Amino acid sequence: MQKGYMQIIYGPGKGKTALALGKGLSAVTEGKTAVLIQFLQGDLDEDQMAVYHRLEPEFQVFRFEKSSESFARLSEEAKNRELMNIQNGLNFAKKVMATGECDILILDGVLGLVDQKIVPLEEIKKILAVREETMRLVLTGTVLPEELKEEADFVIRLENVK
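Residues numbered from 1 in each chain as written. Predicted model: local features only at pLDDT ≥ 70, side-chain atom pairs only at ≥ 80, totals over all residues. Heavy atoms only, no water.

**Topic: the pairing of strand S5 (residues 136-141)**
Inference 1: Most of S5 sits inside the fold, with six of its six residues counted as buried.
Inference 2: Taking every second residue as pointing to the same face, both faces of S5 are buried, with Arg136, Val138 and Thr140 on one and Leu137, Leu139 and Gly141 on the other.
Inference 3: Relative to S5, strand S1 (residues 6-10) is paired through five bridges, and the arrangement is parallel. Within the sheet, the bridge partner assigned to glutamine 7 lies in S5 and is valine 138.
Inference 4: Summarising the sheet, strand S4 (residues 104-108) and S5 pair through four bridges and their orientation is parallel. Residue isoleucine 104 lies in a different strand from S5, and its bridge partner there is arginine 136. (Buried < 20%, exposed > 50% of the residue type's maximum accessible area, 1.4 Å probe, protein only. Helix = DSSP H or I, 4+ residues; strand = E, 2+ residues; numbered from the N terminus. Pairing = 2+ DSSP bridges.)

Right under this line is the structure:
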């Protein structure tokens, strides 16, 4: 497994999260550890969370947001609460990157934070800059900013044809 690179999975198609999960599971089968932090993903039912918990401690999944509603549909008060939760998730991601707590870190939906203008691209880039040299990083989202594309080592664009 190649180390220390950033991969981006983006596009309008379905399957970005599944592909990212596969990257994490592949790392685990090689004796590595993986952390998945999800943003803007809505609710997970108890059965899905139970499956994620069975993967621990080698593969850990974190969600900091509490609302099942789309961020754009939230009241201003609810948006402010969710912004704090999102910031907590980003701070946790930064800590994981700085300490090298895992071999592969997946930031699922993080590109949506930029696309929906919830978090500026510059803030995301500052967070990405603190990662340990050997850590693999996977980012997902629908829209990929050109500036971030240039920093990636590998980019996959998913588009469902039928």
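What follows continues from the structure just given.
**Side note on the side chain of glutamate 65**
Inference 1: Along the polypeptide, glutamate 65 turns up in the loop between strand S3 (59-63) and helix H3 (76-99).
Inference 2: Here glutamate 65 sits buried without a salt bridge, and the closest side chain of opposite charge, arginine 63, lies 7.4 Å off (N-O distance).
Inference 3: Side-chain polar atoms of glutamate 65 contact the backbone nitrogen of leucine 40, separated by 2.7 Å.
Inference 4: The residues touching glutamate 65, leaving out its near neighbours within four places in the chain, are Gln38, Phe39, Leu40, Glu82, Asn85 and Ile86. (Lys, Arg positive; Asp, Glu negative; His and termini not counted. Salt bridge = Lys/Arg side-chain N within 4 Å of Asp/Glu carboxyl O. Polar contact = N/O pair within 3.5 Å; in protein donor to acceptor, adjacent residues only side chain to side chain. Contact = heavy atoms within 4.5 Å.)

**So, the pattern of salt bridges**
Inference 1: Counted according to the given criterion, the structure contains six salt bridges.
Inference 2: Notably, a salt bridge pairs glutamate 101 with lysine 95, separated by 2.4 Å at the nearest N-O pair.
Inference 3: Exposure remark for glutamate 101: the relative accessible area of 39% places this residue in the partly exposed category.
Inference 4: For lysine 95, a relative accessible area of 42% puts it in the partly exposed group.
Inference 5: The closest approach of N and O atoms between glutamate 151 and lysine 125, which form a salt bridge, is 3.4 Å. Placement of glutamate 151 in helix H6 (residues 146-151) and of lysine 125 in helix H5 (residues 121-128) is noted, with a sequence separation of 26 residues between them.

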